[in-house]
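Now for the letters of each chain:
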Amino acid sequence: MLEKRLWHWSGWPWIVGLVLTCLLGQVLLYVWAERLWFQDVGYVATFQLRIWTRLCLGLLGFGVSMAVLGGNLALARRFPSPPSSLRLPPVGQVRRPPGLGLRSLLLFSFALALLMSLQMLYLGRVMISYWSPSASVYNPAPPLPLWAKPAAIQALVQQLIQQPWQGIAILMGAIALLWVPQFFTAIAALFASIALGMVLSEQWTKALLVLNPTRFGEVDPLFGRDISFYLFQLPVWEVLEFWLISLVFFALVSVTLVYLLSGETLSQGRFTGFSPPQQRHLYGLGGVLLLSTSLSHWLGRYQVLYSQQGIVRGASFTDVHVDLPAYTTLSAIALFIGLLLLWRTLFWSISPQGFLEWFGKIGSRRYAMPPPLPYRPLTNRSFVWGVAVYLVLAVLGILLIPASVQSLLVQPNELLREAPYITRTIAYTRRAFGLDDIDTQSFIPDGVLTVADLEANRLTLDNVRLWDTRPLLESNRQLQQIRLYYEFSDADVDRYTFYQDDGSVDRRQVLISARELNYERVPEEAKTWVNEHLVYTHGYGFTMSPVNTANEDGLPTYFIQDIAHIPSSEAVRRSIPIESPRLYFGELTQPYVMTNTAVPELDYPSGSDNVYTVYAGQRGIRLNSLWRRWLMAWHLKDWQMIFTQDFTPQTRLLFRRTITERARAIAPFLRFDTDPYLVVADIGEDSRTWGTNPSPNAPDEDERSPASYLYWVIDAYTTSDRYPYADPMGNDFNYIRNSVKVVIDAYHGSVRFFIAEPDDPIIQTWSKLLPGMFEPLLAMPPSLLEHLRYPQDLFQVQSQHLMTYHMTDPQVFYDREDQWRAPNEIYASEAQQVEPYYLIMKLPEEDTEEFILLRPFTPAQRNNLVGWLAARSDGDRYGSMLLYRFPKQELVFGPEQIEARINQDPAISQRISLWNTEESQAQQGNLLVIPIERSLLYVEPLYLEAEQNRLPTLARVIVVYRNRIAMAETLDDALNAIFLSDRPTAPPVLRELQNPDAALQDLLLESAPATSDPGGLAP
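The structure presented is a predicted model; accordingly, all values stated were derived computationally and were not measured.

Enquirer: Quick question: what am I supposed to make of the overall build of the protein here?
Expert: Broken down by element type, the protein carries 31 helices and 35 strands. Residues counted as buried form 54% of the 1019 residues belonging to the protein. Restricting to contacts in the protein with at least 6 residues of sequence separation, those with at least 24 account for 72%.

Enquirer: I keep staring at the side chain of Gln480 and nothing clicks. Help me out?
Expert: Following the sequence through the fold, Gln480 ends up in the loop between α18 (469-479) and β4 (486-487). With a relative accessible area of 3%, Gln480 lands in the buried category. Engagement of the side chain of Gln480 in a polar contact is seen with the backbone nitrogen of Asp562, the distance being 2.5 Å.

Enquirer: What should I look at first to understand the pattern of salt bridges in this one?
Expert: Pairing between side chains of opposite charge can happen when their charged atoms approach one another. On inspection of all chains with the given rule, the structure shows 33 salt bridges. Between Asp462 and Arg458 there is a salt bridge, with its nearest N and O atoms 3.4 Å apart. Its relative accessible area of 27% is what places Asp462 among the partly exposed residues. Given the relative accessible area of 23%, Arg458 is considered partly exposed. Across the salt bridge formed by Asp506 and Arg508, the nearest N and O atoms sit 3.8 Å from each other. Residues joined in a network through salt bridges with shared partners are Glu455, Arg458, Asp462 and Asp972.

Enquirer: Would you take a moment to explain the nonpolar core for this structure?
Expert: As a rule of thumb, nonpolar side chains are buried together in soluble globular proteins. Of all hydrophobic cores here, the largest spans 258 residues; its most connected members are Met544, Met632, Val742, Phe753 and Trp766. Considering every element that reaches this core, the biggest residue donor is helix α9 (residues 227-261), with 22 residues. In this view, Met632 contacts Ala33, Leu36, Ile621, Leu623, Met641, Leu653 and Phe655; residues no more than four positions away in its chain are not counted. With 11 residues, the next largest nonpolar core counts Tyr283, Ile333, Leu341 and Tyr390 among its residues.

Enquirer: Explanation requested: the packing of aromatic side chains in the structure shown.
Expert: Any aromatic ring pair is given by two values, namely how distant the centres are and how the planes are angled relative to each other. All chains considered together, the criterion is met by 39 aromatic pairs. Seen in terms of ring centroids, Trp37 and Phe655 are 6.2 Å apart; in terms of plane orientation they differ by 50°. Their pairing is tilted. Of this pair, Trp37 sits in helix α2 (residues 12-41) while Phe655 sits in the loop between β17 (652-654) and α23 (659-666), and the two are 618 residues apart along the sequence. Across this residue pair, the class does not change: Trp37 and Phe655 are buried. Each ring, one from Tyr723 and one from Tyr735, has its centre 5.5 Å from the other, and the planes form 10°; the classification is stacked. Taken together, the residues span a long stretch of sequence, with Tyr723 in the loop between β20 (710-720) and β21 (735-745) and Tyr735 in strand β21 at a distance of 12 residues.

Enquirer: Quick question: what am I supposed to make of the packing of helix α12 (residues 317-346) against helix α15 (residues 414-432) here?
Expert: Helix packing geometry: the angle between the two helix axes and the distance between the axes. Two elements in contact, α12 and α15, have axes separated by 8 Å at closest approach and are oriented at 95°. Between α12 and α15, the angle is such that the two are roughly perpendicular. Residues Phe317, Val320 and His321 of α12 form the contact with α15, whose own contacting residues are Arg417, Glu418 and Tyr421. Taken together, the residues of the contact of α12 with α15 sort by class into 3 nonpolar, 1 polar and 2 charged.

Enquirer: Explanation requested: α12 in the structure shown.
Expert: Within an α-helix, residues lying three or four positions from one another point in the same direction, as the helix has 3.6 residues per turn. Over its 30 residues, α12 runs 43 Å from end to end, which matches the ideal 44 Å to within 8%, given 1.5 Å per residue. Along α12, the largest kink reaches about 35° and is centred on Asp323; proline Pro325 follows within four residues of it.

Enquirer: When you look at the pairing of strand β22 (residues 751-755) in this model, what are you seeing that I'm missing?
Expert: In terms of residue burial, β22 counts as a mostly covered element, since 5 of its 5 residues are buried. Of the two faces of β22, the one carrying Val751, Phe753 and Ile755 and the one carrying Arg752 and Phe754 are both buried. Here β21 runs beside β22; their pairing, made up of 5 bridges, is antiparallel. In the strand pairing of β22, Ile744 is matched with Val751. Pairing analysis gives 3 bridges linking β22 to strand β23 (residues 774-776), with the strands arranged parallel.

Enquirer: Teacher, can you tell me more about the sheet that holds strand β16 (residues 621-622) here?
Expert: Spatially, the 3 strands line up as an open sheet ordered β13-β17-β16, and their pairing is antiparallel. Here the strands that pair on one side only, and so sit at the sheet edges, are β13 (593-595) and β16. Note: β16 against β17, 2 bridges, orientation antiparallel. Within the sheet, the bridge partner assigned to Ile621 lies in β17 and is Leu653.

Enquirer: Help me out: how do you make sense of the packing of helix α7 (residues 181-202) against α9 in this one?
Expert: Running from N to C, α7 and α9 point in directions that differ by 180°, and their axes come no closer than 11 Å. Considering the angle they form, α7 stands roughly antiparallel to α9. In this structure, α7 contributes Pro181, Gln182, Thr185, Ala188, Ala189, Ala192, Leu196, Val199 and Leu200 to the contact, and α9 contributes Val239, Phe242, Trp243, Ser246, Leu247, Phe250, Ser254, Leu257, Val258 and Leu261. Split by residue class, the contact of α7 with α9 holds 15 nonpolar, 4 polar and no charged.

Enquirer: Is there a simple way to think about unusual backbone geometry in this case?
Expert: Peptide bonds are mostly trans, and most non-glycine residues show a negative phi. The phi torsion at His565 lies on the positive side, around 55°, for a residue other than glycine. Within the secondary structure layout, His565 lies in the loop between β10 (560-561) and β11 (566-567). Note on His565: relative accessible area 2%, which makes it buried. With a phi close to 45°, Ser580 is a non-glycine residue in the positive phi region.

Enquirer: Before we go on, may I ask you to explain the environment of Tyr711 in this structure?
Expert: Position of Tyr711 among the secondary structure elements: in strand β20. A sequence separation of 34 residues divides Tyr711 from Asp745, and the C-alpha atoms of the two residues are 4.7 Å apart. Side-chain polar atoms of Tyr711 contact the backbone oxygen of Ser708, separated by 2.8 Å.

Enquirer: Would you mind going over the side chain of Thr597 with me for this structure?
Expert: Tracing the backbone shows Thr597 in the loop between β13 and β14 (601-606). By relative accessible area, which is 14% here, Thr597 ends up buried. In terms of polar contacts, Thr597 uses its side chain to reach the backbone carbonyl oxygen of Val599, at 3.1 Å. Aside from chain neighbours lying at most four places away, what touches Thr597 is Leu534, Asp646, Phe647, Thr648 and Thr651.

Enquirer: Could you clarify how one ought to interpret a nonpolar patch on the surface in this entry?
Expert: A contiguous nonpolar patch, built from Val392, Val395, Leu396, Ile398, Leu399, Leu400 and Ile401 and spanning about 550 Å² of accessible area, is present on the exposed surface. For Val395, the position within the fold is in helix α14 (residues 380-410).

Enquirer: When you look at α23 in this model, what are you seeing that I'm missing?
Expert: Counting buried positions over the 8 residues of α23 gives 6, a clear majority of the element. Along α23, the residues classified as buried are Ile659, Thr660, Arg662, Ala663, Ala665 and Ile666.

Enquirer: Please clarify how the pairing of strand β35 (residues 964-968) should be interpreted in this entry.
Expert: Of all the 5 residues making up β35, 4 are buried; the element is thus mostly covered by neighbouring parts of the structure. Relative to β35, strand β34 (residues 953-961) is paired through 5 bridges, and the arrangement is antiparallel. Paired with Ile958 across the two strands is Met967, which belongs to β35. Here β34 hands over to β35 after 2 residues, with Arg962 in that stretch at a positive phi of 55°.

Enquirer: Explain the environment of Met120 to me, please; I cannot follow it from the model alone.
Expert: Considering the arrangement of structural elements, one finds Met120 in helix α4 (residues 102-130). Along the backbone, Met120 and Ala188 are 68 residues apart, and their C-alpha atoms lie at a distance of 7.2 Å. Residue contacts for Met120: discarding those within four places in its chain leaves Ala188, Phe191 and Phe250.

Rules and cut-offs
Residues numbered from 1 in each chain as written. Predicted model: local features only at pLDDT ≥ 70, side-chain atom pairs only at ≥ 80, totals over all residues. Heavy atoms only, no water. Helix = DSSP H or I, 4+ residues; strand = E, 2+ residues; numbered from the N terminus. Buried < 20%, exposed > 50% of the residue type's maximum accessible area, 1.4 Å probe, protein only. Contact = heavy atoms within 4.5 Å. Polar contact = N/O pair within 3.5 Å; in protein donor to acceptor, adjacent residues only side chain to side chain. Salt bridge = Lys/Arg side-chain N within 4 Å of Asp/Glu carboxyl O. Core = buried A, V, L, I, M, F, W, Y, C linked by side-chain atoms within 4.5 Å. Phe/Tyr/Trp six-rings, centres within 6.5 Å; stacked < 30°, edge-to-face > 60°. Axes fitted to C-alpha atoms, helices over the stretch in contact; angles between N-to-C directions. Parallel < 35°, antiparallel > 145°, perpendicular 65-115°, else oblique. Nonpolar A, V, L, I, M, F, W, Y, C, P; charged D, E, K, R; others polar. Expected span 1.5 Å × (residues − 1). Bend = angle between axes of the 7 residues up to and from the residue. Pairing = 2+ DSSP bridges. Patch = residues over 30% accessible without salt bridge, like charges linked within 9 Å, V, L, I, M, F, W, Y side chains within 5 Å. Areas by Shrake-Rupley, 256 points an atom, 1.4 Å probe, with all protein chains shown as cover.

Put into structure tokens, the structure is as follows:
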């Protein structure tokens, strides 16, 4: 009765219409507002391609899913279960009634309802993870959620344990399905269709890549397919697998539940069995589910290329000889049983054997007319045996036999069995991470440095980084922050060329840090809507300091400092453009702002007053009409935009001002580096028309747009987790290329994408899909091109892989006898890994210095240096990598051994102990290993920092060369102490021990602090 009232309630059309209208209106307004933003940044075509692709996939997924689920539920309502009285045995005949009793019926029905409710919960989780109207369009699609995979089921069970309320929701959903089955199964079908449509919509990047893939020109050794199949086509097949299995399984469970509870089964307390029409329906769904399972097993054959069963990543001996045949066999069996079930559905009373016999009789001359079809229905026994064989083979072929073969046959002869597969993993991992392009050379540190060698490498020594990022930022916050609302969030290492008065050129490594505005630091009483969105709109300027110098107080010296951007010399003024240093777009520019309003914008503080300005850039959405104000107020959920009286016809809205968010919004298919860096450069007239396309909101007169000199550079990567045999080593990708350099104007907010690796097939495919979006790297202005640097994140990943995959011999790789690791250092009294660091240095056998990224390696079980990796960043050498390996028979001190020697030196440890008082603390900085000629020089700065007012100063510089250690106030003094001073020796100690009291007094005198530092150590 309740179910009939729900079905025939007249209010449903109004509710459905209202919900659809609200959803459609929200989507249209969202797309409209986003299109205005993409039109402003000049990437409307990119946005339209994404929206249309997502819309088509979503509608297709929802429409097909709703048609399948709705059609099956409608068909199930046409075939209700017959009353149990029609199937009762004759009176007086003793026979157990067929079907299920009340207890079994309730138990079976409740299990099916729980299964449906659990699947709805999972699809709901997927939908919530995708659906966020303000941001989800721009997030890269997450990994494909295949609920049928054991890992996904395990994650779901863990979440139910951690959040018990979800278990209560599943239980309530199951009760609702049992209470009003047909109505709530229809609601569940609608919900599942929406969720599956959203899943397909989120796979728009996979769908676009499969349309026009670029071949890699190399094949995998197992199946002989081009690598492009695994990166472009296999992910789409996995999407289809998930959608098809989820859809058909949901339909089968829901239809079975409806059949069990239809008619009067609960009231009569017995289900007497499925009627023939019901059986044909269930056979059809079961057949399609088995066909989908066959597809899943067939795709599982390719999954062995990413197996972790053997000693290495990829297909191992067991995968190739056991798992692969098992998946093939299971796929064939599932296909055969599925076809039999579909045959039973279509030809209910005719078996395939009878059909073949009838077909053979047609050609016989005994029949003038076709013989009659033999009506011999296919028995259920063949299906039972087929499913039983399938389940037995699944358990044996996937669980038991592989484990037995691995433990009994492979592990006792592991190297012999796995050697070919180890070779494949090494080769494909090196190829996927670009390690096979590394040039390996020998570095024999047998040279003896002289003063002449130091002078010949003066540019290297003048650019040794004595200021680490952390102490410099701390000093900047104390000396250069000026106001509380300014913040230096990061300091970036770069190199700049300075033109001296005499015409010479000086190349210096510097640390540059942007002075950004952080609205969170504004005093609470000043945090008003007007201040947040109209007044505090931008940061102002930057600091630039050399990495190797300090003033007399030990504080950093600056090439550019203060709000006024005072250059330290005429050479700096001549070489570094310091005009218009406003940053409307940066790493901390979170709030959206409105410019060109009746309220002046705070430019910078000047003494006790403030200087104000008006934004004259090329970007921003014009709010010159009431409907735009309403639209953007709804989009940003800020209704004060409608009622404010401070807007003018020239007012513009700037949002998505965080540079990484801005780039990701345009290209969500790229992975972005965690460390964008600021570049100060004059690109000429290009700065006035910066952008892929001119902004329609740009001012009519170019004179209003000032030239910009501040640009953010972000390294972007194309990645995949589907490269065969490649070992990800803890990453969520096993293929990576630094394919794109993104440049963002800090004032105008314009974004341009430059292809840095034109040979990468993934970026080639995106270039074909988005013509005009990506430009060649040579199209970048030369003044920006010379500041590109090899990205540290990519170098970190490559060097981490190189520690293992420099071993190309299977025997050596299996034994791991040459495993490397990153050395440790003491930083601020704590041990940490030596991170890659930038240097201006002259590589061995080279004539000129260049800007490189370097990382040393040590053996896994020892502390001596075994090699170092260098990545080049200058000119046509950009991107090339060199691995210098030390001879194994010679001892080359590693960072940990040098740190031990430093901390064990009596004079140095004594000095550090004296500084470590209650009011101050000595902190050791990064230990740098600097190759010079055929020798290694170790340099470590020592900072002094007060406990109360943290203002680090560069107190000393420690230099280690061979068996000599020197500590001095400057690097030059320490070098002079090592290379120009004679090595002092401690005077001998001679004591007469005739008088015990005198001997004790002498020992006490010996333990007193020395008044001078031996060993060439400056105080």
